Number of protein chains: 2
Amino acid sequence: MGLIVQKFGGSSVADAQRVMNVAQRVLDTYKQGNSVVVVVSAQGDTTDDLIEKAKEINPKASKREMDMLLSTGEQISISLLAMAIQKLGGNAVSLTGWQAGMHTDSNYGTSRIHKIMSERLKKELDAGNIVIVAGFQGINKYDDITTLGRGGSDTSAVAIAAALGADLCEIYTDVDGVYTADPRIVKGAKKLDDISYDEMLELASLGANVLHNRSVEMAKKYNVKLVVRSSLNHNEGTIVKEVNKVEKMLVRGVARDNDVARIALVNIVDEPGVAFRIFSLLAKKGINVDIILQSIGREGKKDISFTVNESNLDAAVDLLNEHKETIGFEEIKTTSEVSKVSIVGAGMVNNPGVAASMFEALYDANINIHMIATSEIKVSVLINEKNAEKAVNAIHDKFHFA
Amino acid sequence: MGLIVQKFGGSSVADAQRVMNVAQRVLDTYKQGNSVVVVVSAQGDTTDDLIEKAKEINPKASKREMDMLLSTGEQISISLLAMAIQKLGGNAVSLTGWQAGMHTDSNYGTSRIHKIMSERLKKELDAGNIVIVAGFQGINKYDDITTLGRGGSDTSAVAIAAALGADLCEIYTDVDGVYTADPRIVKGAKKLDDISYDEMLELASLGANVLHNRSVEMAKKYNVKLVVRSSLNHNEGTIVKEVNKVEKMLVRGVARDNDVARIALVNIVDEPGVAFRIFSLLAKKGINVDIILQSIGREGKKDISFTVNESNLDAAVDLLNEHKETIGFEEIKTTSEVSKVSIVGAGMVNNPGVAASMFEALYDANINIHMIATSEIKVSVLINEKNAEKAVNAIHDKFHFA
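Residues numbered from 1 in each chain as written. Chains lettered and ligands numbered in written order. Predicted model: local features only at pLDDT ≥ 70, side-chain atom pairs only at ≥ 80, totals over all residues. Heavy atoms only, no water.

1. Quick notes on the overall build of chain A
- Helices and strands together make up the secondary structure of chain A, namely twelve helices and 18 strands.
- Radius of gyration (C-alpha) of chain A: 23 Å, near the 21 Å computed for a compact globule of 402 residues.
- Within chain A, buried positions represent 57% of all 402 residues.
- Taking the intrachain contacts of chain A between residues at least 6 apart in sequence as the baseline, contacts between residues at least 24 apart amount to 74%.
- Carbon together with sulfur atoms contributes 47% to the accessible area of chain A, which is approximately 17700 Å² in total. (Helix = DSSP H or I, 4+ residues; strand = E, 2+ residues; numbered from the N terminus. Rg over C-alpha atoms; globule rule 2.2 N^0.38 Å. Buried < 20%, exposed > 50% of the residue type's maximum accessible area, 1.4 Å probe, protein only. Contact = heavy atoms within 4.5 Å. Areas by Shrake-Rupley, 256 points an atom, 1.4 Å probe, with all protein chains shown as cover.)

2. Brief notes about the confidence of the model for chain A
- Model confidence for chain A is summarised by a mean pLDDT of 90, while 96% of its residues fall at 70 or above.
- The ipTM assigned to the predicted complex is 0.79, against a pTM of 0.80. (pLDDT = per-residue confidence, 0-100.)

3. Points about the side chain of D257(A)
- Residue placement: D257(A) occurs in strand 13 (residues 253-269).
- Buried charge without a partner: D257(A) forms no salt bridge, and the closest opposite charge is K340(A), 4.8 Å away. (Lys, Arg positive; Asp, Glu negative; His and termini not counted. Salt bridge = Lys/Arg side-chain N within 4 Å of Asp/Glu carboxyl O.)

4. Some thoughts on the packing of aromatic side chains
All names here are of chain A.
- Counted by the stated rule, this structure contains five aromatic pairs over all chains.
- Look at F8 and Y172: their rings are 4.5 Å apart centre to centre, the planes differ by 10 degrees, and that puts the pair in the stacked class. With F8 in strand 1 (residues 3-8) and Y172 in strand 9 (residues 168-173), this residue pair connects regions lying 164 residues apart in the sequence. (Phe/Tyr/Trp six-rings, centres within 6.5 Å; stacked < 30°, edge-to-face > 60°.)

5. A look at the packing of helix 5 (residues 152-164) of chain A against helix 7 (residues 213-221) of chain A
All names here are of chain A.
- Between helix 5 and helix 7, whose axes approach to 7 Å, the crossing angle comes to 15 degrees. With respect to helix 7, the axis of helix 5 lies roughly parallel. In the packing of helix 5 onto helix 7, the handedness of the crossing is left-handed. On helix 7, the residues touching D154, T155, V158 and A159 of helix 5 are R214, S215, M218 and A219.
- Looking at side-chain class alone, the contact of helix 5 with helix 7 contains four nonpolar, two polar and two charged residues. (Axes fitted to C-alpha atoms, helices over the stretch in contact; angles between N-to-C directions. Parallel < 35°, antiparallel > 145°, perpendicular 65-115°, else oblique. Left-handed = near helix turned anticlockwise from the far one by under 90°. Nonpolar A, V, L, I, M, F, W, Y, C, P; charged D, E, K, R; others polar.)

6. What to know about the pairing of strand 16 (residues 331-344) of chain A
Residues and elements named next belong to chain A.
- Bridging between strand 13 and strand 16 involves eleven bridges; their strand directions are antiparallel. When the sheet's bridge partners are listed, I263 is paired in strand 16 with T334.
- Bridge count for strand 16 against strand 18 (residues 378-384) is seven bridges, and the pairing is antiparallel. Residue I343 lies in a different strand from strand 18, and its bridge partner there is V379. (Pairing = 2+ DSSP bridges.)

7. Observations concerning the sheet that holds strand 15 (residues 301-308) of chain B
Residues and elements named next belong to chain B.
- Within the open sheet, the six strands sit side by side as 14-15-13-16-18-17. Their pairing is antiparallel. Edge positions in the sheet fall to strand 14 (289-296) and strand 17 (371-375), since each of these pairs with one other strand and no more. The average angle at which neighbouring strand axes cross in this sheet is 25 degrees, direction not considered.
- On top of the sheet, helix 11 (residues 353-364) reaches strand 16 (331-344), strand 17 and strand 18 (378-384); it is set at about 20 degrees to strand 18, its chief contact.

8. Regarding the pairing of strand 2 (residues 35-40) of chain B
All names here are of chain B.
- Most of strand 2 is tucked away, with five of its six residues classed as buried.
- Note: strand 1 (residues 3-8) against strand 2, six bridges, orientation parallel. Within strand 2, the position partnered with Q6 by the bridge is V38.
- For the crossover that starts at strand 1, traverses helix 1 (residues 16-31) and ends in the parallel strand 2, the hand is right-handed. (Right-handed = clockwise from strand over helix to strand, strands pointing away.)

9. Examining the sheet that holds strand 2 of chain B
All names here are of chain B.
- Taken together, the eight strands give an open sheet; going across it, the order is 3-6-2-1-9-11-12-10, and neighbouring strands pair in mixed fashion. Looking along the sheet, the strands with just one partner apiece sit at the ends: strand 3 (92-95) and strand 10 (194-196). Sheet twist, expressed as the mean angle between neighbouring strand axes with direction ignored, is 20 degrees.
- Of the pairings in the sheet, the one linking strand 10 to strand 12 (residues 238-241) comprises three bridges and is parallel in character. Each residue of the ladder has a partner; that of I195, found in strand 12, is V240.
- Of the strands in this sheet, strand 1, strand 2, strand 6 (130-134), strand 9 (168-173) and strand 11 (226-230) are in contact with helix 1, which crosses strand 1 at around 170 degrees.

10. Some points on the interface of chain B and chain A
- The interface of chain B with chain A comprises 43 residues on the first partner and 43 residues on the second.
- Surface buried jointly by chain B and chain A totals about 3400 Å² across both partners, of which 62% is contributed by carbon and sulfur atoms.
- Our count for the contact surface shared by chain B and chain A stands at two salt bridges.
- Between D144(A) and R120(B) there is a salt bridge, with its nearest N and O atoms 2.8 Å apart.
- At the junction of chain B with chain A, the criterion picks out 20 residue pairs in polar contact (both at pLDDT 80 or more).
- Put simply, the parts of the chain that give the side of chain B that touches chain A at least two residues each are helix 1, helix 2 (46-57), helix 3 (63-87) and strand 3 of chain B. (Buried area = accessible area lost by both parts, 1.4 Å probe. Polar contact = N/O pair within 3.5 Å; in protein donor to acceptor, adjacent residues only side chain to side chain.)

11. Quick notes on the nonpolar core
- If you look at the biggest cluster of nonpolar residues, it comprises 74 residues, and the most contacted ones within it are I132(A) and I132(B).
- Look past the residues within four positions of I132(B) in its chain and what remains in contact with it is V38(B), V40(B), I78(B), L81(B), A82(B), I85(B), A92(B), V93(B), S94(B) and L95(B). (Core = buried A, V, L, I, M, F, W, Y, C linked by side-chain atoms within 4.5 Å.)

Dropping the structure here:
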């Protein structure tokens, strides 16, 4: 008995039958004596279809109008889910982002939640209603509709759980939980019973598409107990929480990220401030840079390589070429045929042999490493995209998760 | 130069090309030096598709959730139209019903506008924006989304024109204006240059599907100058306004309404209060009754016949059968194979011969009349549905609109 926030993604509510399934699960939770807030994404391909509609009219539509358009996707889902719960005899009320008091900044398309005015949520819960909230959306100080960008519904759910002091925030998805590797590419991948916020953060940002980074960050900040579980069965899922004990397992998981492109600036003048000029330029345009590698070139010149998301590749190259003179490089080389493969584990920090084992696994599999990046709890390598699956399997085998 | 409200229906914005056409027309109006507010309906079949989605999940969905669902249709249209205007180089901002301050009562599905808090509208107009407002929707005192029911977007447009003191409210549709009869069934039908509010009211309620009654009522109340014109060409359209001069033409138009069903209660006890019992019963359930006819039956009994909308027929019959004892009738007979054909004209009131001419036209065409109803500016007859087109043509010919 408590207050539970449940989040269902777009595929969980893709058609009428799935909406009814979700309704039944929500109602079961409610009937066990819990207060329930449900956060829902847009149905199936709705968001993509809406983007297509917009592109047909204006490929450079203003972000404010895009948010006005896209927010309808979740509004459709919440009303249908409320109707489904009513059909099963439950009391449900749907709330849009603004009705649920989701106040955000004004960065249309990538807004962040500032605060949640939870009066309405509380009022509906007190009235015994199951409250269905549109994920991914909010309202800014101008009373305009905003959206939170990728993974926004996860963030909405965690934010509501934090604001209401929920006992649990369940993220329903199409896998059973967090795995030691992607079960679709690694046969022996095992489900984890629990994982720490920090480990989950590294995994999320490394391409294990289970939970979005921002939602995990927020869960960590407000100490929201998360569970990642499947909407297709009643298996236990993986608990994401603060883990204090030293973990037995050094490495918790192997992740792969194909949405990576590498940019190399060749023969840059070797003088102070070059790196600053390059990366502040990219940062100003909102282009995130991941792994950075600097190497010595010929005759007082150097090379700088770094990775960006594939979707940012063209913008980054255009930007750099515009400032070719100022930066002072000779040539720009790019490839998107690369993948980032990473291992994550809080136990790694005190065990320097872990990285070596990973490199050994790759060597045994005859896979060349282009770049390496490490943090306290992860090691990432950049390799050719065609080797990514083989690499994940080789590394997973090496650490034989048992 | 002035403030113009333009309303475009769902077929005018059904696809990307049509949205662009509307955008161009709106922008032209703006470039002529006018401030422009545009009210838009949902695209093409969007509303029907959404209703279908809801029915699949819960045919008896709560009206609150239906409004939550249906209001997304207009929200999609407004954002797309704003994007289209931006594409053409104009400044546009879209506003949902609640953002535009459209406050309504809480009769979900059939709400009425209480007041318009026009601060946001004015602010956007002052900033030089073309303001695109979602028709058909508003917000109630609980901050819940409501819809206005049939013809709601016309009503939204007129209400905004009234609130802002607009110089003109243009209702764009797929016909050139108001005709003396439906041009699809009467060859010689002629477009009217102008028509009075009262005449338009009678025509609207009689099945000339150009303008919804509620919008005309509101236009009359707040003296909003309306123009009905085509979105497909630049013809002048028909002006709807207060007409003081005695009209030359006695009869302004002939209208047909096939959405009519007749209910006859046979052999009712002839005692005081019977009519009251019947019609208060129907009124309580929101069933509108149109023509009523009472006739003397046999042996102290009487018959009462009346018409309702076809969509209300089943509900009305169920309701009456439930109260068969209290009302005290013997039998209930119904038919939906009837049409109402009417003539409308402000000049009619002082010319008793007009009704007779109409009956003569029907007699000449060998069409039997079931019921007759008259008001100061109209005469309606109920006839078999299969004769409706013939009747409209015969009457139109009789009054030879020139």
